[in-house]
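# Coordinates in review
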Amino acid sequence: MIDFGNGQPNKDETTDVSHEKLTALFKYLNVLTGKLEIINTQFRNLSFFRPLFSVTGATGEASEVLLIANNSKLETMAGGALLYPVIDRIRIEDNPMLDVNCSHVLENYATLRTIRRNRVNCGCELDGSLTTTNIDTIPDNCDYIFGKLEISGENSPNAEVLTRKFGKATNITGELAILNTNLTSLEFLSNLVNITSKYNVYAEEFIEQFVRIENNVMLERLGWDKLEVVYMSTVSISANPKLCYTVAELDALLYSEYVNVIEGKLCAVIYLFVLLTTQSSRCQTKNVSVSIELLRPILVVTNKTAKPSAWPVSQIIRRKEVEQ
């Protein structure tokens with residue numbers, strides 16, 4: 001049975017139309033206004049919907065426009081795709097054989113999505129605060145994070161567990177909250193490239209989305225060397241008395257147009273001098289000017305308060321100190 005009641009086709013276990021007939025029936029279907037539901041079928045693919053470009057809900061309303069659930073044999077959607085930019089809610093869940101095609105899904109279903117318990121889900125969806133009790137419900141090696149990543153309180157997972165879950169994550173679409181923990185670093189997100197908040201334009205009430213890092217008394221470093229962009233999120237970082245930032249981290253955080261507060265200090269500036277064989281170089285510290293000649297290539301790392309005696313002087317032929 002194919003039900004077009006209320007303007008929406010509904011396919012379920014009672015559907016008795018063949019795949020070939022459905023392909024012929026829908027070959028000119030490009031846009032559907034309403035809702036598409038595919039539930040409890042025995043189809044292996046949905047290629048009969050390949051021409052379908054868009055499903056839209058009623059104008060001015062937020063609605064779930066696509067539901068694909070409990071299809072035990074379904075392996076692919078419409079030739080690996082199905083629909084293009086979706087601004088309404090979609091739900092694809094409990095299809096144990098389904099690979100939803102991550103390149104398509106991540107590009108087109110990045111906002112109001114529920115994609116869970118399929119063979120491939122294209123990211124991890126988070127709903128609430130993570131604790132030592134519920135952290136094992138999250139898959140390891142999440143590369144994309146959707147929803148709200150919240151770590152709060154004494155019952156928070158330790159850094160090793162968080163790294164196993166999120167160490168490969170490059171993107172957060174949603175919110176981030178690190179509150180009242182004993183973490184010393186947030187390096188479990190060291191591969192993070194961007195944090196983006198998405199807003200529902202049809203929502204009756206505007207709900208602000210945040211990057212919040214607050215009241216972490218042991219926190220010293222973010223460890224986000226790869227972070228490039230915080231977009232559309234309100235940044236609020238405060239009451240972390242030991243926290244310092246690199247210039248690159250601050251640059252990414254300040255990319256957001258919405259900053260409530262960023263408290264802390266700059267981490268010690270590190271100067272790197274690559275000094276080549278037979279070359280002379282003159283480097284400055286706070287109190288000492290040093291002329292150096294080298295036998296072979298050497299990397300000297302020092303901060304602005306380091307003393308020359310801290311350098312690897314065994315590789316220096318001649319060192320002349322001049323008090324300033």
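In case you missed it, the structure is sitting above this.
Residues numbered from 1 in each chain as written. Predicted model: local features only at pLDDT ≥ 70, side-chain atom pairs only at ≥ 80, totals over all residues. Heavy atoms only, no water.

Turning to the overall build of the protein chain, a few remarks are in order. Summing up its helical and strand segments, the protein chain has four helices and 24 strands in all. Scored against the burial criterion, the 324 residues of the protein chain give a buried share of 44%. Put simply, of all contacts in the protein chain between residues at least 6 apart along the chain, 57% involve residues at least 24 apart. Of the roughly 17,100 Å² of accessible surface on the protein chain, a fraction of 51% belongs to carbon and sulfur atoms. (Helix = DSSP H or I, 4+ residues; strand = E, 2+ residues; numbered from the N terminus. Buried < 20%, exposed > 50% of the residue type's maximum accessible area, 1.4 Å probe, protein only. Contact = heavy atoms within 4.5 Å. Areas by Shrake-Rupley, 256 points an atom, 1.4 Å probe, with all protein chains shown as cover.)

For the rest of this paragraph, the subject is the pairing of strand S6 (residues 64-69). Regular strands place their side chains on alternate faces of the sheet. Of all the six residues making up S6, six are buried; the element is thus mostly covered by neighbouring parts of the structure. Inspection of the sheet shows strand S4 (residues 36-39) paired to S6 by four bridges, in the parallel sense. Following the sheet pairing, Ile 39 is matched in S6 by Ala 69. Judged from the five bridges that link them, S6 and strand S7 (residues 89-93) form a sheet pairing that is parallel. Each bridged residue has a counterpart across the sheet, and for Glu 64 the counterpart in S7 is Arg 89. (Pairing = 2+ DSSP bridges.)

Moving on to the state of the cysteines. By the definition in use, this model includes three disulfides. The disulfide partner of Cys 124 is Cys 142, and the S-S distance across this bridge is 1.9 Å. Between Cys 124 and Cys 142, the S-S torsion sits near -90°, and that sign places the bridge as left-handed. One end of the pair, Cys 124, is in strand S9 (residues 124-126); the other, Cys 142, is in the loop between strand S10 (129-130) and strand S11 (144-152), with 18 residues separating them in the sequence. Overall, Cys 124 belongs to the buried group, its relative accessible area being 7%. For Cys 244, the disulfide goes to Cys 267, at an S-S distance of 2.1 Å. Negative torsions about the S-S bond denote left-handed disulfides, and the value of about 95° found for Cys 244 with Cys 267 makes this one right-handed. A residue pair is termed long-range when its members are at least 10 positions apart, and Cys 244 in strand S17 (residues 244-245) and Cys 267 in the loop between strand S19 (265-266) and strand S20 (270-275) qualify at 23 residues. Here the two residues Cys 244 and Cys 267 agree in accessibility, since each one is buried. Each disulfide in the protein chain links cysteines that, numbered along the sequence, combine into the pattern 1-2, 3-4, 5-6. (Disulfide = S-S within 2.5 Å.)

Evaluation of the coordinates by the stated rule reveals 16 salt bridges. As a salt-bridge pair, Arg 117 and Asp 94 come within 2.6 Å of each other at their nearest N and O atoms. Pair noted here: Arg 117 is in the loop between strand S8 (113-116) and S9 and Asp 94 is in the loop between S7 and helix H2 (102-108), with a separation of 23 residues, a long-range link. With a shortest N-O distance of 3.8 Å, Asp 99 and Arg 119 are connected by a salt bridge. Note that Asp 99 is positioned in the loop between S7 and H2 and Arg 119 in the loop between S8 and S9, a separation of 20 residues in sequence. (Salt bridge = Lys/Arg side-chain N within 4 Å of Asp/Glu carboxyl O.)

For strand S12 (residues 171-179), the tally of buried residues reaches nine of nine residues, placing the bulk of the element in the interior. Sheet topology note: the S11/S12 ladder contains nine bridges and is parallel. Residue pairing for S12: Leu 149 is matched across the bridge by Leu 176. What joins S11 to S12 is helix H3 (residues 159-166), and the crossover it makes is right-handed. As paired strands, S12 and strand S14 (residues 210-214) are joined by four bridges and run parallel to one another. Bridge assignment links Ala 177 to a residue of S14, and that residue is Arg 212. (Right-handed = clockwise from strand over helix to strand, strands pointing away.)

With that settled, consider the environment of Lys 242. Looking at where Lys 242 falls in the secondary structure, it is placed in the loop between strand S16 (234-238) and S17. Between the C-alpha atoms of Lys 242 and Met 218, which are 24 residues apart in sequence, the distance is 6.5 Å. In contact with Lys 242, not counting residues within four places along its chain, are Val 217, Met 218, Leu 219, Glu 220 and Lys 265.

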